[in-house]
Amino acid sequence: MAKTIIFLGPPGAGKGTQAQNLTEKGFIQISTGDILREAVRNETELGKKAKEYMDAGKLVPDELIVSIIKEKLKELENKDIILDGFPRTIPQAEALDKMLPELGRKVDVVILFEIEDDEVVNRLSGRRIDPKTGKVYHVVYNPPPENVDVIQRDDDKEEVIRKRLEVYHQQTAPLVEYYKEKNKLFPINASESPDIIYKTILSVIE
Ligand code: ADP
Ligand code: AMP
């Protein structure tokens, strides 16, 4: 059976960085945030609906997100995948539990990235992206090469970061208990270095 791994944790915990690392091992990263940002850039119907929520640091409505994921999972039959940034609410997790068996999948493990809010603020305020490749950098912890022109995400401003953290604690953190009860949760210390975290994740999923 193809592997289905969930990355759970606050924004800025390093989920995208590690999901990008795992593409080396044949995993496909499904980032709902990346899908939504592309829709906003292309001014699609989805993008128009999602933009105001994203700019405000709020979650996009569950129905929109669940239908995006359904499409993606159908496209990626038999591929090992990382769900990065999904599910983010209990109704999203329930919808996922319902759709996976129909697609011949189950959740293998949920990796919980544990990190303090202040460190999240440090990481997100220094985050930079290469818009051509989507690769994630940090001005201090992982500076981009000189020949790469990076951009800063609109929602990586301090006031929006604080709102996203609040939303995480209110709407997403209940998933910790949800997956703990199902014996799927594997917590990791996300304040370690990227190399150590990568090795830990590999040992869990291989
Ligand atoms: P998420 O996908 O969880 O929102 P990212 O992977 O985009 O988080 O990481 C947020 C920021 O923190 C980025 O600037 C990234 O370069 C940096 N970062 C990621 N992992 C680490 C780490 N282990 N130590 C220090 N900085 C990190
Ligand atoms: P991310 O790139 O994961 O930090 O997500 C950026 C933004 O996209 C979030 O602040 C939300 O507005 C939206 N988003 C991404 N994934 C989801 C999701 N699973 N449910 C609701 N909104 C989401």
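In short, a report on the structure. (Residues numbered from 1 in each chain as written. Chains lettered and ligands numbered in written order. Predicted model: local features only at pLDDT ≥ 70, side-chain atom pairs only at ≥ 80, totals over all residues. Heavy atoms only, no water.)

1. Quick look at the overall build of the chain
- The secondary structure content of the chain amounts to nine helices and seven strands.
- For the chain, the spread of C-alpha atoms along the principal axes amounts to about 45 × 40 × 30 Å.
- The contacts of the chain with a sequence gap of at least 6 include a subset with a gap of at least 24, amounting to 72%.
- Element-wise, carbon and sulfur atoms account for 48% of the exposed surface of the chain, whose accessible area totals about 11100 Å². (Helix = DSSP H or I, 4+ residues; strand = E, 2+ residues; numbered from the N terminus. Contact = heavy atoms within 4.5 Å. Areas by Shrake-Rupley, 256 points an atom, 1.4 Å probe, with all protein chains shown as cover.)

2. Side note on the site of ligand 2
- Neighbouring residues of ligand 2: 16 residues in total, closest T32, R37, K58, G85 and Q92.
- Here a nitrogen atom of ligand 2 sits 3.0 Å away from a polar atom, N or O, in the main chain of V60.
- R88 places a polar side-chain atom, nitrogen or oxygen, 2.9 Å from an oxygen atom of ligand 2.
- In isolation ligand 2 exposes 490 Å². Once the protein is present, 96% of that is buried.
- Sort the elements by how many residues they give to the shell around ligand 2 and helix α2 (residues 32-41) lands first, with four residues.
- Counted by class, the shell around ligand 2 contains six nonpolar, four polar and six charged residues. (Near = heavy atom within 4 Å. Polar contact = N/O pair within 3.5 Å; in protein donor to acceptor, adjacent residues only side chain to side chain. Nonpolar A, V, L, I, M, F, W, Y, C, P; charged D, E, K, R; others polar.)

3. Side note on the site of ligand 1
- Around ligand 1, the surrounding shell holds 18 residues, and the nearest of these are G12, G16, T17, R127 and Y137.
- Interatomic distance of 2.8 Å between a backbone N/O atom of G12 and an oxygen atom of ligand 1.
- For ligand 1, a nitrogen atom lies 3.3 Å from a polar atom in the side chain of R123.
- Protein chains shield 93% of the accessible area of ligand 1, which is 560 Å² for the free molecule.
- Looking at the shell around ligand 1, the elements with two or more residues in it are α1 (15-22), β6 (136-138) and α9 (194-205).

4. What about unusual backbone geometry?
- Look at the link from F86 to P87: it is a cis peptide, with omega at -5 degrees.
- Of note in the backbone geometry, E43 takes a positive phi value of approximately 50 degrees without being a glycine.
- The residue E43 is located in the loop between α2 and α3 (45-55) in this model.
- Overall, the relative accessible area of 59% leaves E43 in the exposed class.
- Its identity as a non-glycine residue notwithstanding, N183 has a phi of 60 degrees, on the positive side.
- With respect to the helices and strands, N183 occurs in the loop between α8 (174-181) and β7 (185-189).
- Here N183 falls in the exposed class, since its relative accessible area comes to 71%. (Buried < 20%, exposed > 50% of the residue type's maximum accessible area, 1.4 Å probe, protein only.)

5. Details of the packing of aromatic side chains
- In total, this model carries two aromatic pairs according to the counting rule given.
- Sitting over the face of the ring of Y137, K135 holds its NZ or CZ atom 5.2 Å from the ring centroid.
- In this structure, K182 packs its charged tip against the face of Y178, placed 4.8 Å from the ring centre. (Phe/Tyr/Trp six-rings, centres within 6.5 Å; stacked < 30°, edge-to-face > 60°. Lys NZ or Arg CZ within 6 Å of the ring centre and 35° of its normal.)

6. Notes on α3
- Within α3 the residues assigned to the buried category are G47, A50 and M54. Angularly, the buried residues of α3 cover 80 degrees about the axis, an arc narrow enough to put them on a single face. Along α3, exposed side chains directed more than 90 degrees from the buried face belong to E45, K48 and E52.
- Elements that come into contact with the buried residues of α3 comprise α2 and α7 (158-172).
- One or two steps after α3, the chain reaches G57, where phi turns positive at roughly 80 degrees. (Arc of directions from axis to C-beta.)

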